[in-house]
Amino acid sequence: MPVDSRLEVVPFVEVGDFGPGFTAERARQCCADLERGGILFFSGIPYELPQADVNFLLSYAARDSRFHKNVSYRPASDVLRGFAGDAESRRRTHDVMRRYSRQVTGFVARLLAPYAAHWSLDYASYRPLEEAARSLSVHKRNDLLHVDAFPTRPTRGGRILRVFTNLHPANPRVWEAGLPFPALAGQYAAAAELARFAAENSAPWRRVARALGLPLRERSRYDSFMLHFHDWMKENPELQRTLPRRHLEFPPSSTWLVFTDGLPHAVMSGQFALEQTFIVPVRAMVEPELAPITVLERLSGAKLA
Ligand code: SIN
Ligand code: FE
C-alpha cells in the first residue's frame, strides 16, 4: 500500500504565536494537523485561567483526602460531578470549573474556527490524581495505549477532541502516543473483528422504539466497534509492545490538543490536569477521509452509522 504522505509522522506542532495575526488559513491548518493525528502544543496557557483558581485546585486537592477522584463538569447543564468535599469547597470548585470551561471553549473556538459552529460541547474534567500510582482494571487503565470511546455517549462517527492543561507546578505530564488511525486500523481493525461489528443489526427493541418515534441515544455500529477496539487494544500485549509511539513530556503550565479517538495514547505519569472535550461531527472536518468512521467504512465496505 502506498504510504499517504500526510501520515508519515505524528506531527507535534508548536502553535507559537496566537496573537491578533492568527489567520483563518492558520486555523484551517491547525484543524488539518489535528485530523492527521497531530498534537497541537502551547508552551503556556493560551486562555485566561486566574492564578487564584489554579492555586485553589492545587491546594484543595493536596489537603483533602476526600478529593480522591477525577471531577467532571457538564457545561450544558452546569452540573459538577465526582466532588466529595464540603459545601463551600464544592461551590468554589464548581465556579472554577465553569470559568475554565467557558474560557477554554472561547480559545478553541478561535484556534479551530472551522469546527466552532458544529461541535457539541462535552464534559470538562479536573484530574488531581497521580497517574503513575493508580491501580485500575485493564479496561480502565490509561497507561496502556488506546483510542478513546465513551460507553455512555455514543458519537455516531463524531470525533473526540480534547484539550489538556498541565497544572502541576513542577512535573511534566508524560504520554506515549503514536500511529494515526488510518495506519492503526489498517494494521489491526480486521484482527479486532471489524467485519463482525459491520454486519451487526440493531437490537429488535431498538427498531421498535425507533418505529414508535421514541427518543434513543442509539449506539451505532461505529460506536460498538470503537468501544470494543478500546478494550481490545488494552488487552493486546503484542500491540502494546510493538505499536510505534513517541514519548512526550508536557511541561508544567503547557496546553495541548488532540483527537483522542484517532491517536493511540497512554498517560504514564503526571498529576493535576484540566481537560475539556468537544464532539466534532465529520462534516466539519477539513480532511473527512481521515476520520475513523470514514476509514472503518472503507475497510469494511459497510455503513457504520
Ligand atoms: C486518557 O485519555 O487516556 C488520559 C489522558 C490524560 O489524562 O492525560
Ligand atoms: Fe484516553
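Above this text is the structure in question.
Predicted model only: the values in this text are computed from it and were never measured. (Residues numbered from 1 in each chain as written. Chains lettered and ligands numbered in written order. Predicted model: local features only at pLDDT ≥ 70, side-chain atom pairs only at ≥ 80, totals over all residues. Heavy atoms only, no water.)

1. Points about the overall build of the protein
For step 1, the next point in the chain: Helices and strands together make up the secondary structure of the protein, namely ten helices and eleven strands.
For step 2, the next point in the chain: The globule rule puts the C-alpha radius of gyration for 305 residues at 19 Å, and the 19 Å found for the protein is close to it.
For step 3, the next point in the chain: By principal-axis analysis of the C-alpha atoms, the protein measures approximately 55 × 45 × 40 Å.
For step 4, the next point in the chain: For the protein, the residues scored as buried account for 52% of the 305 residues in total.
For step 5, the next point in the chain: Of the roughly 14,000 Å² that the protein leaves accessible, carbon and sulfur atoms contribute 53%. (Helix = DSSP H or I, 4+ residues; strand = E, 2+ residues; numbered from the N terminus. Rg over C-alpha atoms; globule rule 2.2 N^0.38 Å. Buried < 20%, exposed > 50% of the residue type's maximum accessible area, 1.4 Å probe, protein only. Areas by Shrake-Rupley, 256 points an atom, 1.4 Å probe, with all protein chains shown as cover.)

2. Describing the pattern of salt bridges
A pair can form between side chains of opposite charge whenever their charged atoms are brought close.
For step 1, the next point in the chain: Summed over all chains, the structure comprises 17 salt bridges.
For step 2, the next point in the chain: Where Asp78 meets Arg98, a salt bridge forms, and the shortest distance between an N and an O atom there is 3.0 Å. In this pair, Asp78 is assigned in the loop between strand 3 (71-74) and strand 4 (79-81) and Arg98 in helix 3 (residues 87-111), connecting sequence segments 20 residues apart.
For step 3, the next point in the chain: For Arg98, the salt bridge goes to Asp95, with nearest N and O atoms at 2.9 Å. Of the two residues, Arg98 and Asp95 are both situated in helix 3; the distance of three residues between them amounts to about one turn of the helix.
For step 4, the next point in the chain: If you follow the salt bridges from partner to partner, you end up with Asp78, Glu88, Arg91, Asp95 and Arg98 in one network. (Salt bridge = Lys/Arg side-chain N within 4 Å of Asp/Glu carboxyl O.)

3. Some points on the pairing of strand 5 (residues 120-127)
For step 1, the next point in the chain: As defined by bridge partners, strand 3 adjoins strand 5 across three bridges and the pair is classed as antiparallel. Residue pairing across strands places Val71 opposite Tyr126, the latter belonging to strand 5. (Pairing = 2+ DSSP bridges.)

4. Overview of the side chain of Asp33
For step 1, the next point in the chain: Mapped onto the elements, Asp33 comes out in helix 1 (residues 24-35).
For step 2, the next point in the chain: Once you skip the residues sitting within four places of it in the chain, Asp33 turns out to touch Pro11, Val13, Gly38 and Leu40. (Contact = heavy atoms within 4.5 Å.)

5. Some remarks on the site of ligand 1
For step 1, the next point in the chain: Around ligand 1, a shell composed of Arg127, Asn142, His146, Asp148, Arg162, Phe164, Arg173, Trp175, His265 and Val267 is seen.
For step 2, the next point in the chain: A distance of 3.0 Å separates an oxygen atom of ligand 1 from a polar side-chain atom of Trp175.
For step 3, the next point in the chain: One of the side-chain N or O atoms of His265 is found 3.2 Å from an oxygen atom in ligand 1.
For step 4, the next point in the chain: Considered on its own, ligand 1 offers 270 Å² of accessible surface; in the complex 98% of this is hidden by protein.
For step 5, the next point in the chain: With respect to the detected pockets, ligand 1 is housed in the largest pocket.
For step 6, the next point in the chain: Secondary-structure elements contributing two or more residues to the shell around ligand 1 are strand 6 (159-166), strand 7 (173-177) and strand 10 (265-269).
For step 7, the next point in the chain: For the shell around ligand 1, a count of residues per class yields three nonpolar, three polar and four charged. (Near = heavy atom within 4 Å. Polar contact = N/O pair within 3.5 Å; in protein donor to acceptor, adjacent residues only side chain to side chain. 1 Å grid on protein atoms, 1.4 Å probe; cavity = no way out; pocket = protein on both sides within 12 Å on 5 of 7 lines; lining within 4 Å. Sits in = over half its atoms within 2 Å of the grid points. Nonpolar A, V, L, I, M, F, W, Y, C, P; charged D, E, K, R; others polar.)

6. Quick look at the layout of surface pockets
For step 1, the next point in the chain: Approximately 1,200 Å³ is the volume found for the largest pocket.
For step 2, the next point in the chain: Taken together, 39 residues line the largest pocket, and the ones lying closest to its centre are Asn70, Arg127, Asn142, Phe150 and Arg162.
For step 3, the next point in the chain: At the level of elements, strand 3, strand 5, strand 6, strand 7, helix 8 (221-235), strand 10 and strand 11 (273-280) are the ones that each hand at least two residues to the lining of the largest pocket.
For step 4, the next point in the chain: Broken down by element, the lining of the largest pocket gets its largest block of residues, five residues, from strand 5.
For step 5, the next point in the chain: For the lining of the largest pocket, the class distribution of residues is twelve nonpolar, 13 polar and 14 charged. (Points joined across faces, edges and corners; volume = space filled by probe spheres on them.)

7. So, the packing of helix 5 (residues 181-188) against helix 10 (residues 292-300)
For step 1, the next point in the chain: Relative orientation of the contacting elements helix 5 and helix 10 amounts to 30°, with a least axis distance of 10 Å. Judged on the interaxial angle alone, helix 10 and helix 5 are roughly parallel. Helix 10 is crossed by helix 5, and the crossing has right-handed handedness. Counting all contacts with helix 5, which are made through Phe181, Pro182, Ala185 and Gly186, the residues of helix 10 involved are Pro292, Val295, Leu296 and Leu299.
For step 2, the next point in the chain: Partitioned by chemical class, the residues of the contact of helix 5 with helix 10 number seven nonpolar, one polar and no charged. (Axes fitted to C-alpha atoms, helices over the stretch in contact; angles between N-to-C directions. Parallel < 35°, antiparallel > 145°, perpendicular 65-115°, else oblique. Left-handed = near helix turned anticlockwise from the far one by under 90°.)

These results come straight from atomic positions and should not be treated as a statement about function.
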